[in-house]
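What follows is the residue order along each chain.
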Protein chains: 2
Amino acid sequence: MASPIPATRTAVPPWMPRPASRGSASQLAVLQKGSSKESFSDFYEGLSEEAGKALQKIEHTVSFPAGAIIFMEGHPARGVYILRQGRAKLLTTNSDGRTMILKIATPGEALGLNSVITGKPYDLTAEILEPAELAFIPRADFFRCITEHGDACMHFASLLSRDCHLAYDLVRSIGLCHSVPERLARFLLEWSTNGSVTDGVVRVKLALTHEEIAQLIGTSRETVTRTLSEFKKQRAIELNGSTLVLRNKPALESLVAA
Amino acid sequence: MASPIPATRTAVPPWMPRPASRGSASQLAVLQKGSSKESFSDFYEGLSEEAGKALQKIEHTVSFPAGAIIFMEGHPARGVYILRQGRAKLLTTNSDGRTMILKIATPGEALGLNSVITGKPYDLTAEILEPAELAFIPRADFFRCITEHGDACMHFASLLSRDCHLAYDLVRSIGLCHSVPERLARFLLEWSTNGSVTDGVVRVKLALTHEEIAQLIGTSRETVTRTLSEFKKQRAIELNGSTLVLRNKPALESLVAA
DNA sequence: ATCTGTGCGTGATCTACATCACTGTCTTTT
DNA sequence: AAAAGACAGTGATGTAGATCACGCACAGAT
């Protein structure tokens, strides 16, 4: 029951996670920060070695196809998911199908942490954007583990603090700056922080549909299309395929400052 | 630098807290839940006795007049404040003076917790609404205390989780339901949960200005005035002085459901 | 008695954006 | 190869609500 099921991208029923591997030795590599870029809101980053190991013994990894729903707003919180590979969007939907994306999660990130801690149902929906791999830690095990490892708790408190902070930022953005151009510019600038600088301009994969951008900044798909072309016309940005090039970053920044 | 100083309500310069008492025996009464209503996001509620006592030994109480700023967005996080008496608003302001209220804090509530934990500057401003008394716990002491008392950390993690949840609710509200009547109805219903039921109708002190309501639901003062009169005309609500009476609760609920 | 500040009530405008309704690509499926 | 979905681009249109600009009431100061 509850909210309508968001459209998926694949014909395959994606809801069921497909088991991939059981966590243990193989996962430990992550502690050595072998893999992807180290986001500093990383689930394991900064955790003590014992606590980390304990958790990794519990977790077990599953993969999901694009479009899969990991968990859904309103459903009981079974446990925490840690995104290992791929990206996911955290969103909320209201009764008439309108959707707002709160955040695009990247590898390392914990999903559903706050719901697991309060014990209330998930307050957001997590949907996979591109084929992904996640580690799952059941609620009960998670609790057992963090009560045994005192230091871990502090770590998770700080992850939660960051989530709060981010949510406040979002409120500021959608509640305070009323014009779409400003919000879009803000978003592009924020997004491009993950990009690389070549020849003085920032390049970054903008692997999102206009619809998704619209849901991130709280506007309609059409308005995103129009505002993006406006930016292109003003030579502030350029779009080669799905690569975004910030031709004139200051121009965007001036929109935000206003 | 930083944001403009919000207007205050008193002629007296309210910025400086006036010391009132040093926490110790007198404060312990709170543990016995002697005072006000017990909000379940209460700072001390659910904390172990030792941890509670330890914290209360550290804290020291200050009073503030209405309009006082406890801390300001962007300023370094000195410590946590616990609201003992009175109410405070947590708000954020953007460069052109527009303000959004995230929450009205009531006694028991912790202010600035997430910033203290991340160690970043306060991400919100806290302003006193009516003469209030607060307990202050300096950041360093707070940390010392929670590392000594493992269980406390879990407690604070759950407070943070609640804050996240609330923030998500707000995003949903301002980002998803586009009509002001709906947001206002939602707000009134939410607000009236603190009210008392007499003769089948809910009565509650709506101790907020239209301006403040506007900043809570993300609209303009004038629109609040107009929408409230609309509600009155439809006999959904009644306003006697600052007492709000929900004459026709279902009517409001139907607006929200849509 | 007057002045000043703060909050409320209302009318008249103006516009940014949502919404609807298409068309044109480009994948993916079959 | 054909059909079916996704996505993107673009015009026309309507309207909710921001904004400006008042007047009024009431509280505290002096």
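This is a predicted model, so every value here is computed, not measured.

Cut-off values and rules
- Residues numbered from 1 in each chain as written.
- Chains lettered and ligands numbered in written order.
- Predicted model: local features only at pLDDT ≥ 70, side-chain atom pairs only at ≥ 80, totals over all residues.
- Heavy atoms only, no water.
- Pairing = 2+ DSSP bridges.
- Helix = DSSP H or I, 4+ residues; strand = E, 2+ residues; numbered from the N terminus.
- Axes fitted to C-alpha atoms, helices over the stretch in contact; angles between N-to-C directions.
- Contact = heavy atoms within 4.5 Å.
- Buried area = accessible area lost by both parts, 1.4 Å probe.
- Salt bridge = Lys/Arg side-chain N within 4 Å of Asp/Glu carboxyl O.
- Polar contact = N/O pair within 3.5 Å; in protein donor to acceptor, adjacent residues only side chain to side chain.
- Nonpolar A, V, L, I, M, F, W, Y, C, P; charged D, E, K, R; others polar.
- Core = buried A, V, L, I, M, F, W, Y, C linked by side-chain atoms within 4.5 Å.
- Buried < 20%, exposed > 50% of the residue type's maximum accessible area, 1.4 Å probe, protein only.
- Near = heavy atom within 4 Å.

Caption draft 1: Geometry of the sheet that holds strand β11 (residues 201-205) of chain A. Residue and element names in this part refer to chain A. Read across the open sheet, the four strands follow the order β10-β11-β13-β12; overall the sheet is antiparallel. A strand with exactly one partner marks an edge of an open sheet, and here the two such strands are β10 (196-198) and β12 (237-240). For this sheet, the mean inter-axis angle between neighbouring strands, taken without regard to orientation, is 30°. In this structure, β10 lies alongside β11, joined through three bridges in antiparallel fashion. Residue S196 lies in a different strand from β11, and its bridge partner there is R203.

Caption draft 2: The arrangement of the interface of chain B and chain A in detail. Contact with chain B, which involves 41 residues of that partner, is made by 41 residues of chain A. Buried surface at the junction of chain B and chain A, both sides included, amounts to about 3,600 Å², of which 70% is carbon and sulfur. Here chain B and chain A share two salt bridges between them. A:R172 is paired through a salt bridge with B:E73; the nearest N and O atoms lie 2.8 Å apart. Our enumeration of links across chain B and chain A arrives at 11 residue pairs in polar contact (both at pLDDT 80 or more). Elements represented by at least two residues in the side of chain B that touches chain A include exactly β5 (88-93), β6 (99-105), α3 (113-118), α4 (139-148) and α5 (150-176) of chain B. Of all the elements, α5(B) adds the most residues to the side of chain B that touches chain A, at 18 residues. The residue makeup of the side of chain B that touches chain A, split by class, is 21 nonpolar, 12 polar and eight charged.

Caption draft 3: Expanded view of the pairing of β12(A). All names here are of chain A. Both β12 and strand β13 (residues 243-246) contribute to a ladder of four bridges, which runs antiparallel. When the sheet's bridge partners are listed, N240 is paired in β13 with T243. With antiparallel pairing between neighbouring strands as the criterion, β12 and β13 make up a hairpin whose turn holds two residues, including G241 at a positive phi of roughly 65°.

Caption draft 4: Broad picture of the nonpolar core. Among the nonpolar cores identified, the biggest contains 103 residues, and A:F43, A:F142, B:F43 and B:F142 are the most heavily contacted of them. With 14 residues, the single largest contributor to this core is α5(B). The contacts of B:F43, once residues within four sequence positions are left out, are B:L55, B:V80, B:I82, B:G108, B:A110, B:I137, B:F142, B:H155, B:F156 and B:L159.

Caption draft 5: Representation of the protein's contact with DNA strand D within the structure. Near DNA strand D, the surroundings consist of 18 residues, among which A:H210, A:R221, B:R98, B:S220 and B:T223 are the closest. At the protein interface, 51% of the atoms of DNA strand D within 4 Å belong to sugar or phosphate. Interatomic distance of 3.3 Å between a side-chain N/O atom of B:E222 and a base nitrogen of DNA strand D. For DNA strand D, a base oxygen lies 3.0 Å from a polar atom in the side chain of B:R226. Breaking the surface near DNA strand D down by element, the ones donating at least two residues are α8 (221-233) of chain A together with α6 (180-191) and α8 (221-233) of chain B. Ranked by the residues each element gives to the surface near DNA strand D, the list is headed by α8(A), at five residues.

Caption draft 6: Inspection of the side chain of A:K103 at higher detail. Residue and element names in this part refer to chain A. You can see K103 is positioned in strand β6 (residues 99-105). Among the polar contacts made by the side chain of K103, one reaches the side chain of E109 at a distance of 2.6 Å. Apart from residues lying up to four places away in sequence, K103 is in contact with A88, K89, L90, E109, D163, L166 and L216.

Caption draft 7: Inspection of unusual backbone geometry at higher detail. All names here are of chain B. Phi at D199 takes a positive value of approximately 55°, unusual for a residue other than glycine. Summarising the element assignment, D199 is placed in the loop between β10 (196-198) and β11 (201-205). Its relative accessible area of 73% is what places D199 among the exposed residues. At R235, a residue that is not glycine, the phi angle is positive and equals roughly 60°. In this fold, R235 is placed in the loop between α8 and β12 (237-240).

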